[in-house]
Amino acid sequence: MADDLPPEPFDAADSIAENNARRDVERLAREDADVLRAIMHTKKGRAWIIRQLDRCHINSPAKFVAGSPDATAHNLGLEAYGAMLLTDVMKASVDLYMTAIKEAQAEAERANAVRREARVKREATERGPDAEDMVGVKLPPPKGFPGHVPPAPPRKKR
């Protein structure tokens, strides 16, 4: 607003101002760590943090795009932000971060198992029943063999 005065310039020679500035930075860092811990205390929050780190190409070679230095630079910028986020998360709670990694690995294994089962089931339905699948299935005898029952003749409409 127009009535607001600009902040006073920082005077490094003033020890009280210097201490206040240092305490402000430390207080903000504690508040940020508290927020990250609150997020990481829920399973959904831990999954969200892992997804954010994945979006930032942390631990992923996919950030390098062949023939596109602009895209590579963009991805490296994302990685730099992800590295800062990872540092903040680790400072907040290493134990919760390790829990998040374990949960992400378990979820990835579960998703792979579901995909594998779906693929096997899809392939089985696409190829039809095998002779091995039909072992033990009682089939009617073919025409001309004893026990063959011919189909009933069609009914006439009245």
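Residues numbered from 1 in each chain as written. Predicted model: local features only at pLDDT ≥ 70, side-chain atom pairs only at ≥ 80, totals over all residues. Heavy atoms only, no water.

1. As for the overall build of the protein chain
Test applied: Counting from the N terminus, the helices are the DSSP runs of H or I reaching at least four residues and the strands are the DSSP runs of E reaching at least two. Two things to know: the radius of gyration comes from C-alpha atoms, and the globule rule equals 2.2 Å times the number of residues to the power 0.38. Buried residues are those whose accessible area, probed at 1.4 Å on protein chains only, stays under 20% of the maximum for their type, while exposed residues exceed 50% and partly exposed ones sit between those limits. In this analysis, two residues are considered to be in contact whenever any of their non-hydrogen atoms come within 4.5 Å of each other. Values of accessible area rely on a 1.4 Å probe in the Shrake-Rupley scheme; residue burial ignores everything except the protein chains shown. Positive: Lys, Arg. Negative: Asp, Glu. His and the chain ends are not part of the count. To locate a charge, take atom NZ for lysine, CZ for arginine, CG for aspartate or CD for glutamate.
Within the protein chain, the secondary structure is distributed over 4 helices and 0 strands. The secondary structure elements of the protein chain, listed N-terminal to C-terminal, are α-α-α-α. Taking 158 residues into account, the globule formula puts the C-alpha radius of gyration at 15 Å, and the protein chain, at 33 Å, lies well above it. Going through the 158 residues of the protein chain one by one, you find that 16% of them count as buried. Considering only residue pairs separated by 6 or more positions, the protein chain has 46% of its internal contacts joining residues 24 or more positions apart. About 13300 Å² of surface is accessible on the protein chain, with carbon and sulfur atoms providing 59% of the total. Computed over 26 positive and 25 negative side-chain charges, the inter-centroid distance for the protein chain is 22 Å.

2. Regarding the nonpolar core
Applied cut-off: We define the nonpolar core as a collection of buried residues of types Ala, Val, Leu, Ile, Met, Phe, Trp, Tyr and Cys that are connected through side-chain atoms lying within 4.5 Å of one another.
In this structure, L36, M40, I49, L53, V89 and Y97 are the most contacted members of the largest nonpolar core, which totals 15 residues. Elements that contribute at least two residues to this core include exactly helix 1 (15–40), helix 2 (43–55), helix 3 (69–92) and helix 4 (94–127). Examining the composition of this core, we find that 4 residues originate from one element, helix 3, more than from any other. Residues in contact with Y97, not counting those within four places in the same chain, are M40, I50, L53, L86, V89 and M90.

3. Notes on helix 2
Given 3.6 residues to a turn, an α-helix orients residues that are three or four positions apart in the same direction. What counts, and what does not: How far a helix is expected to stretch is found by multiplying one less than its residue total by 1.5 Å. The arc in question is the one traced by the directions running from the helix axis out to the C-beta atoms.
Between its first and last C-alpha, helix 2 extends 18 Å over 13 residues, near the 18 Å set by a 1.5 Å rise per residue. Within helix 2 the residues assigned to the buried category are G45, R46, I49, I50, Q52 and L53. Along the long axis of helix 2, the arc covered by the buried residues comes to 160 degrees, so they all point the same way. The outward face of helix 2, more than 90 degrees from its buried face, is lined by the exposed residues K43, K44, D54 and R55. Buried residues along helix 2 sit against helix 1, helix 3 and helix 4.

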